[in-house]
Amino acid sequence: MSIPSFAIGIAGGTGAGKTTVARNVADTVGEPVTRIPLDNYYEELSHLEYEQRADVNYDHPDAFEWELLREHLESLLLGQSVEMPQYDFEIHNRTDERITVEPSDVIVLEGIFALFDKTIREMLDLRVYVMTDADVRILRRIERDVVERGRDLEGVIEQYLETVKPMHEQFVAPTRKQADVIIPEGANRMAVDLLIDKIDAEREDEGRSSAGRERSVDSPTLE
Ligand SMILES: Nc1ncnc2c1ncn2[C@@H]1O[C@H](COP(=O)(O)OP(=O)(O)O)[C@@H](O)[C@H]1O
Ligand SMILES: Nc1ccn([C@@H]2O[C@H](COP(=O)(O)O)[C@@H](O)[C@H]2O)c(=O)n1
């Protein structure tokens, strides 16, 4: 295994297609990929009742345990395994379970705030923002939240208007300016192939040093 690993951050609004892109990258890269879903780093909220947890603003940066995420990303990059928390959207909380996640040559961090934190951004080799129109995202989210996350239609719409949309505009959308690559509409085969080419090229560069991990100001976008 090469140390440090090659790390990609995939950000974008809810329903943009981040998880789908991360899966496509993992399936295409041709070797084990370590995935870090940012959702697993929502703060532990066992001190609150279910009703209180349901009212939390999960689209504000303060909803996440950033210090733990920074520590885990750093450990994985250095070739050390981590005990990753697991998140359950139905109870709005972490589960009691932690899963041992092993490092690998390619690490993919994925979530609405994957490009938000400066320290984390600087640990990433490639910063990606998945940009999908808001109407497409809310339609995808309604379907997903009702089918997979145990929500009802009224609740999804209310949450979207009260927190998801304003927080997206205030905190998530501006992070696209931090991206090296912008992928339109998510599961875009050409874009995923270009990401894979970039990963392969970087990993073939055996002389890669810490200095070589700095961001290139001339990096191309797909926009
Ligand atoms: N390019 C795409 N075209 C059509 N459906 C897509 C596309 N990308 C994602 N989806 C679907 O949209 C939903 C949300 O995608 P997901 O990758 O989970 O988004 P995110 O992780 O950004 O919230 C899923 O049901 C997924 O299958
Ligand atoms: N208990 C929770 C925690 C988070 N959310 C929503 O999840 C969204 C982020 O996940 P995506 O897969 O959609 O990127 C975020 O917009 C939160 O509103 C939730 O509904 N409940």
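Because the structure is predicted, anything quoted here is derived from the model rather than measured.

A word on the layout of surface pockets
Stage number 1. Space inside the largest pocket adds up to approximately 1200 Å³.
Stage number 2. Along the walls of the largest pocket sit 45 residues, with Phe-89, Arg-141, Arg-144, Arg-149 and Arg-151 positioned nearest its centre.
Stage number 3. Of all the elements in the fold, those that place two or more residues in the lining of the largest pocket are α1 (18–28), β2 (33–37), α2 (50–54), β3 (82–88), α5 (134–148) and α6 (153–172).

Some details on the site of ligand 2
Stage number 1. Taken together, the neighbourhood of ligand 2 is formed by 17 residues, with Thr-14, Lys-18, Asp-59, His-92 and Arg-141 sitting nearest.
Stage number 2. For ligand 2, an oxygen atom lies 2.4 Å from a polar atom in the side chain of Asp-59.
Stage number 3. With respect to ligand 2, the side chain of Arg-141 contributes an N or O atom lying 2.7 Å from an oxygen atom.
Stage number 4. Relative to its free-state accessible area of 470 Å², ligand 2 is covered by the protein chains to the extent of 98%.
Stage number 5. Placement of ligand 2 is best described as lying within the largest pocket.
Stage number 6. Every element with two or more residues in the shell around ligand 2 is listed here: α5 and α6.
Stage number 7. Partitioned by chemical class, the residues of the shell around ligand 2 number six nonpolar, four polar and seven charged.

A word on helix α7 (residues 189–204)
Stage number 1. An ideal rise of 1.5 Å per residue puts 22 Å on 16 residues; α7 measures up with 22 Å between its terminal C-alpha atoms.
Stage number 2. The set of residues buried in α7 consists of Ala-191, Val-192, Leu-195, Ile-196, Ile-199 and Glu-202. Seen along its axis, α7 keeps its buried residues to an arc of 140 degrees; they face one direction. In α7, the exposed positions angled more than 90 degrees off the buried face are occupied by Met-190 and Glu-204.
Stage number 3. Taken together, the buried residues of α7 touch β1 (6–12), α1, β5 (106–110), β6 (126–131) and β7 (181–184).
Stage number 4. For α7, the N-terminal cap is Asn-188; the gap from its side-chain oxygen to the backbone nitrogen of Met-190 is 3.2 Å.

Observations regarding the pattern of salt bridges
Stage number 1. Taken as a whole and judged by the stated rule, the model has 12 salt bridges.
Stage number 2. Note that Glu-67 and Arg-70 form a salt bridge whose closest N and O atoms lie 2.6 Å from each other. Within this pair, Glu-67 and its partner Arg-70 are both found in helix α3 (residues 66–77), separated by three residues, close to a single helical turn.
Stage number 3. In this structure Arg-70 comes out as buried when scored by relative accessible area, which is 19%.
Stage number 4. Across the pair Glu-202 and Lys-198 runs a salt bridge whose closest N-O atoms are separated by 2.9 Å. Here Glu-202 pairs with Lys-198, and both are found in helix α7, just four residues apart, close to one helical turn.
Stage number 5. Residue Lys-198 is classed as partly exposed on the basis of its relative accessible area, which comes to 36%.
Stage number 6. Several salt bridges share partner residues, and in doing so they unite Arg-141, Arg-144, Asp-145 and Arg-149 into one network.

Calculation criteria
- Residues numbered from 1 in each chain as written.
- Chains lettered and ligands numbered in written order.
- Predicted model: local features only at pLDDT ≥ 70, side-chain atom pairs only at ≥ 80, totals over all residues.
- Heavy atoms only, no water.
- 1 Å grid on protein atoms, 1.4 Å probe; cavity = no way out; pocket = protein on both sides within 12 Å on 5 of 7 lines; lining within 4 Å.
- Points joined across faces, edges and corners; volume = space filled by probe spheres on them.
- Helix = DSSP H or I, 4+ residues; strand = E, 2+ residues; numbered from the N terminus.
- Near = heavy atom within 4 Å.
- Polar contact = N/O pair within 3.5 Å; in protein donor to acceptor, adjacent residues only side chain to side chain.
- Areas by Shrake-Rupley, 256 points an atom, 1.4 Å probe, with all protein chains shown as cover.
- Sits in = over half its atoms within 2 Å of the grid points.
- Nonpolar A, V, L, I, M, F, W, Y, C, P; charged D, E, K, R; others polar.
- Expected span 1.5 Å × (residues − 1).
- Buried < 20%, exposed > 50% of the residue type's maximum accessible area, 1.4 Å probe, protein only.
- Arc of directions from axis to C-beta.
- Contact = heavy atoms within 4.5 Å.
- Salt bridge = Lys/Arg side-chain N within 4 Å of Asp/Glu carboxyl O.

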